[in-house]
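These are the residues of each chain, in order.
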Amino acid sequence: QVQLVESGGGLVQAGGSLRLSCAASGRTFSSYAMGWFRQAPGKEREFVAAISWSGGSTYYADSVKGRFTISRDNAKNTVYLQMNSLKPEDTAVYYCAAVPADSTVVPGSVESYDYWGQGTQVTVSS
């Protein structure tokens, strides 16, 4: 089992940047695929980005491709989401999620992930 704690959210102006971090407990972090999702008020949770256990494969939603970068540091049990050129429509609670890498994973599917953090608020002002 793994516990996830997100940090790094906040208020930023449009065009600005933020880096979210997700710290995971446990010794087997490197055996989990990781994802970032977000949920805006009144909307369903949606996929943002995902990364394989090794970091060798990454996946992005079309809406963030070219602006956001997911990465991981297995030595630090942490996954990151670097967000550049932020837009007001990026405003949401951002969640990280984990799933054992030997599971059948659809990177962009909420249902694929077994463990979730509590979320961190990102607000982008226009």
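Up top is the structure.
Starting afresh in each chain, residues are numbered from 1 along the sequence in its written order. Confidence filtering applies because this is a predicted model: local features only for residues at pLDDT of at least 70, side-chain atom pairs given and counted only at 80 or more, and all residues used for totals across whole chains, interfaces and linings. Working from all heavy atoms in the structure, the side-chain values ignore hydrogens and water.

**With respect to the overall build of the protein**
Next, step 1: Helix and strand labels come from DSSP, where a helix needs a run of H or I of at least four residues and a strand needs a run of E of at least two; each type is numbered from the N terminus. Across its full length, the protein holds 0 helices and 11 strands.
Next, step 2: For the protein, the α and β elements follow one another from N to C terminus as β-β-β-β-β-β-β-β-β-β-β.
Next, step 3: In this description the radius of gyration comes from C-alpha coordinates, and the expected globular size is given by 2.2 Å times residues to the power 0.38. On C-alpha atoms alone, the protein measures out to a radius of gyration of 13 Å, which is about the 14 Å that the 2.2 N^0.38 rule sets for 126 residues.
Next, step 4: In terms of principal-axis extent, the alpha carbons of the protein reach across some 40 × 25 × 25 Å.
Next, step 5: Exposure classes here rest on a 1.4 Å probe applied to the protein chains alone. A residue is buried below 20% of its type maximum, exposed above 50%, and partly exposed in between. Here the protein holds 126 residues, and 42% of them are scored as buried.

**Concerning the sheet that holds strand β3 (residues 18-24)**
Next, step 1: Paired strands, in this sense, are two strands between which DSSP finds at least two bridges. Read from one edge of the open sheet, 4 strands run β1-β3-β8-β7, paired in antiparallel fashion. What marks the edges here is a single partner per strand, and that holds for β1 (4-7) and β7 (68-73). With direction set aside, neighbouring strand axes in the sheet form an average angle of 15°.
Next, step 2: The pairing of β7 with strand β8 (residues 78-83) spans 6 bridges and is classified as antiparallel. Across the sheet, the residue bridging to I70 is L81, located in β8. Note on geometry: axes are lines fitted to C-alpha atoms, helical ones only across the stretch in contact, with angles between N-to-C directions running from 0 to 180 degrees.

**Details of the pairing of β1**
Next, step 1: On β1, burial follows the alternation: L4 and E6 on one face are buried, whereas V5 and S7 on the facing-out side are not.
Next, step 2: Of the strand pairs in this sheet, β1 and β3 are connected by 4 bridges, and their pairing is antiparallel. Along β3, the bridge assignment pairs E6 with C22.

**Side note on the side chain of D90**
Next, step 1: Relative to the elements of secondary structure, D90 occurs in the loop between β8 and β9 (92-100).
Next, step 2: Counting of polar contacts relies on pairs of N or O atoms within 3.5 Å, with two restrictions inside protein: one atom must be capable of donating a hydrogen and the other of accepting it, and residues adjacent in sequence are counted only when both atoms are side-chain atoms. Separated by 2.8 Å, the side chain of D90 and the backbone nitrogen of K87 make a polar contact.
Next, step 3: Residue contacts follow a heavy-atom distance rule, with two residues in contact if any of their heavy atoms lie within 4.5 Å. Every residue in contact with D90, bar those within four places of it in the chain, is listed here: R38, R67, F68, S85, V122 and V124.

**Regarding the packing of aromatic side chains**
Next, step 1: A pair of aromatic rings is counted whenever rings of Phe, Tyr or Trp (Trp by its six-membered ring) have centres within 6.5 Å, and the orientation is called stacked for planes under 30 degrees apart, edge-to-face for over 60 and tilted otherwise. Enumeration over the complete set of coordinates arrives at 5 aromatic pairs.
Next, step 2: Ring geometry for F37 and Y113: centres 5.2 Å apart, planes at 75°, overall edge-to-face. Taken together, the positions of F37 in strand β4 (residues 32-39) and Y113 in the loop between β9 and β10 (115-116) put the pair 76 residues apart, joining distant regions of the chain.
Next, step 3: One aromatic cluster is present, formed by F37, F47, Y113 and W116 through successive ring pairs.
Next, step 4: Geometry around W116 places R45 over its ring, the cationic atom sitting 4.9 Å from the centre.
Next, step 5: For R72, the ring lying beneath its charged end belongs to F29, and the centroid distance is 4.5 Å. Definition used: whenever NZ (Lys) or CZ (Arg) falls within 6 Å of the ring centre and also within 35 degrees of the ring normal, the charge is taken to sit over that ring.

**Some points on the pattern of salt bridges**
Next, step 1: In what follows, salt bridge is the name for a side-chain nitrogen of Lys or Arg lying within 4 Å of a carboxyl oxygen of Asp or Glu. Enumeration according to the criterion identifies 4 salt bridges in this entry.
Next, step 2: A salt bridge links R67 to D90, with the shortest nitrogen-to-oxygen separation between them at 2.8 Å. Pair noted here: R67 is in the loop between β6 (58-60) and β7 and D90 is in the loop between β8 and β9, with a separation of 23 residues, a long-range link.
Next, step 3: For R67, a relative accessible area of 11% gives the class buried.
Next, step 4: Here D90 falls in the buried class, since its relative accessible area comes to 1%.
Next, step 5: Shared partners join several salt bridges into a network, and the residues in it are R38, E46, R67 and D90.

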